[in-house]
Amino acid sequence: MDSNFSFFQTLLFNGEILFHVLLFFLFALAPEAPVASSPAPAGAGPAWRRKDHSHTQKQFVFEKPSELERKVPEAGVIDKPGVYELSKEPSGISRIHLIPGFIDSEQADWMFQQLLQDIPWGQRTHIRQEVSFEEPRLTSWYGELPYTYSRITMQPNPNWHPLLTMLKQRIEEFTGHTFNSLLCNLYRNEKDSVDWHSDDEPSLGKNPVIASLSFGATRTFEMRKKPSPEENGDYTYVERLKIPLDHGTLLMMEGATQEDWQHRVPKEYHSRDARINLTFRIIYPEPDGVWK
Ligand SMILES: O=C(O)CCC(=O)C(=O)O
Ligand SMILES: [Mn+2]
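Under the annotation held in an unreviewed UniProt entry, the protein chain carries the name Alpha-ketoglutarate-dependent dioxygenase alkB homolog 3 and is attributed to Columba livia. As its UniProt record puts it under Subunit (unreviewed entry), the protein chain is described as follows: "Interacts with the ASCC complex composed of ASCC1, ASCC2 and ASCC3. Interacts directly with ASCC3, and is thereby recruited to the ASCC complex. Interacts with OTUD4; the interaction is direct. Interacts with USP7 and USP9X." Here the protein chain is described in UniProt, under the heading Sequence similarities (unreviewed entry), as follows: "Belongs to the alkB family."

1. Quick notes on the side chain of Glu254
Relative to the elements of secondary structure, Glu254 occurs in strand S14 (residues 250-255). Residue Glu254 is classed as buried on the basis of its relative accessible area, which comes to 18%. Once residues lying within four places of it in the same chain are set aside, the contact partners of Glu254 are Ile93, Ser94, Arg95, His177, Pro208 and Val209.

2. Digging into the packing of aromatic side chains
Tallied over the full model, the rule gives four aromatic pairs. Considering the side-chain rings of Phe102 and Phe174, the 5.2 Å spacing of their centres and the 70 degrees angle between planes classify their relative orientation as edge-to-face. Placement of the pair is Phe102 in the loop between strand S3 (92-99) and helix H2 (105-118) and Phe174 in helix H3 (residues 162-175), with a sequence separation of 72 residues. With relative accessibility at 44%, the residue Phe174 sits in the partly exposed group. Seen from their ring centres, Phe179 and Phe280 are 6.4 Å apart, and the 55 degrees between their planes marks the pair as tilted. Of this pair, Phe179 sits in the loop between H3 and strand S9 (181-187) while Phe280 sits in strand S16 (residues 275-281), placing them 101 residues apart in sequence. No difference in accessibility class separates Phe179 from Phe280, as the two residues are buried. Here the guanidinium or amino end of Lys168 rests over the ring plane of Trp160, the centre of that ring lying 5.8 Å away. We note Arg224 situated over the ring of Tyr235; from NZ or CZ to the ring centre the distance is 3.6 Å.

3. What about H2?
Taking 1.5 Å of rise per residue, the 14 residues of H2 would be expected to cover 20 Å, and the 20 Å separating its terminal C-alpha atoms lies within 8% of that figure. On its buried face, H2 is in contact with H3, strand S11 (210-216) and S16.

4. Re the layout of surface pockets
To find the voids left in a structure, one rolls a probe of water-molecule size over its atoms. What the largest pocket holds in volume is close to 520 Å³. Lining of the largest pocket is provided by 30 residues; of these, Arg137, Tyr149, Val194, Asp195 and His197 occupy positions nearest its centre. Only strand S4 (125-128), strand S7 (147-149), S9, strand S10 (194-197), strand S15 (261-265) and S16 provide two or more residues apiece to the lining of the largest pocket.

5. Here we look at the pattern of salt bridges
Any two side chains of opposite charge can pair, given that their charged atoms come close. Going through the model one piece at a time under the given rule, you end up with 14 salt bridges. For the salt bridge of Arg137 with Glu135, the shortest nitrogen-to-oxygen distance reads 3.2 Å. Between Glu259 and Lys206 there is a salt bridge, with its nearest N and O atoms 3.1 Å apart. Here Lys206 lies in the loop between S10 and S11 and Glu259 lies in helix H4 (residues 257-260), a separation of 53 residues in the sequence. Classification of Glu259 as partly exposed rests on a relative accessible area of 38%.

Definitions and cut-offs
Residues numbered from 1 in each chain as written. Chains lettered and ligands numbered in written order. Predicted model: local features only at pLDDT ≥ 70, side-chain atom pairs only at ≥ 80, totals over all residues. Heavy atoms only, no water. UniProt positions renumbered as here; feature names shortened; annotations may be inferred. Helix = DSSP H or I, 4+ residues; strand = E, 2+ residues; numbered from the N terminus. Buried < 20%, exposed > 50% of the residue type's maximum accessible area, 1.4 Å probe, protein only. Contact = heavy atoms within 4.5 Å. Phe/Tyr/Trp six-rings, centres within 6.5 Å; stacked < 30°, edge-to-face > 60°. Lys NZ or Arg CZ within 6 Å of the ring centre and 35° of its normal. Expected span 1.5 Å × (residues − 1). 1 Å grid on protein atoms, 1.4 Å probe; cavity = no way out; pocket = protein on both sides within 12 Å on 5 of 7 lines; lining within 4 Å. Points joined across faces, edges and corners; volume = space filled by probe spheres on them. Salt bridge = Lys/Arg side-chain N within 4 Å of Asp/Glu carboxyl O.

Structure representation (structure tokens):
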């Protein structure tokens with residue numbers, strides 16, 4: 001019994017030694033836990049409780065982005081009278097001429113009333129991707145020849161209203177250009193508009209000169225440059241212009257303006273009274289758009 005007891009005592013004693021040796025190796029060889037690069041001062045407690053915000057000592061180094069950020073250019077505004085060269089491309093110079101007050105406001109008042117009541121305004125229907133929708137404005141066409149745009153053909157109408165004949169002559173004298181046709185637009189209110197387009201139908205010929213005369217409520221005529229081929233039709237970064245067209249203002253578009261730029265009159269969020277726009281053009285007989 002005694003010898004058994006001392007045997008177990010030795011076993012327990014040796015086991016205890018073995019346990020401590022194992023513990024020593026376990027801690028000595030354990031992989032080091034990651035520690036903050038700036039060790040906390042002695043007795044400072046855990047990092048999250050300290051008030052010295054030692055993490056702010058970390059240095060943030062600004063690294064320039066490898067590619068320069070592309071900015072969407074802000075739209076320019078043209079609201080002063082003058083001739084403006086918008087762009088110069090292999091196709092030519094795009095030029096506009098803004099003449100506010102071409103018709104003085106008293107004359108423009110009675111002209112607007114006459115045109116509103118006498119022009120045979122009509123609502124045309126477009127068909128796009130098998131879906132038909134009404135144009136958000138009323139139109140009328142004057143000229144010896146028909147005019148086709150967006151697959152709508154406006155039938156010839158040689159019966160010029162005397163006021164339109166007079167306005168055509170005044171514009172011809174002022175600009176030195178002659179016109180044989182007129183597209184009239186009536187924007188009844190803020191909901192009426194014309195979407196992005198260029199007046200580049202073959203029947204208008206190359207580099208058409210277009211004279212656009214406005215009456216009634218001021219609406220913004222917007223222009224955007226057509227993107228270069230590398231942009232794959234993306235208009236995000238193109239140049240943009242806003243031109244308020246008010247009562248009696250004449251706007252001339254010339255050169256490569258229709259080839260290199262688009263224009264529109266967007267809907268407005270606030271109420272607008274009626275506006276009439278007259279665009280005088282030269283139409284050439286189809287199909288090749290050249291006088292025979
Ligand atoms: O109403 C306008 O000022 C522009 C009209 C127009 O772009 C057009 O008739 O082709
Ligand atoms: Mn147009």
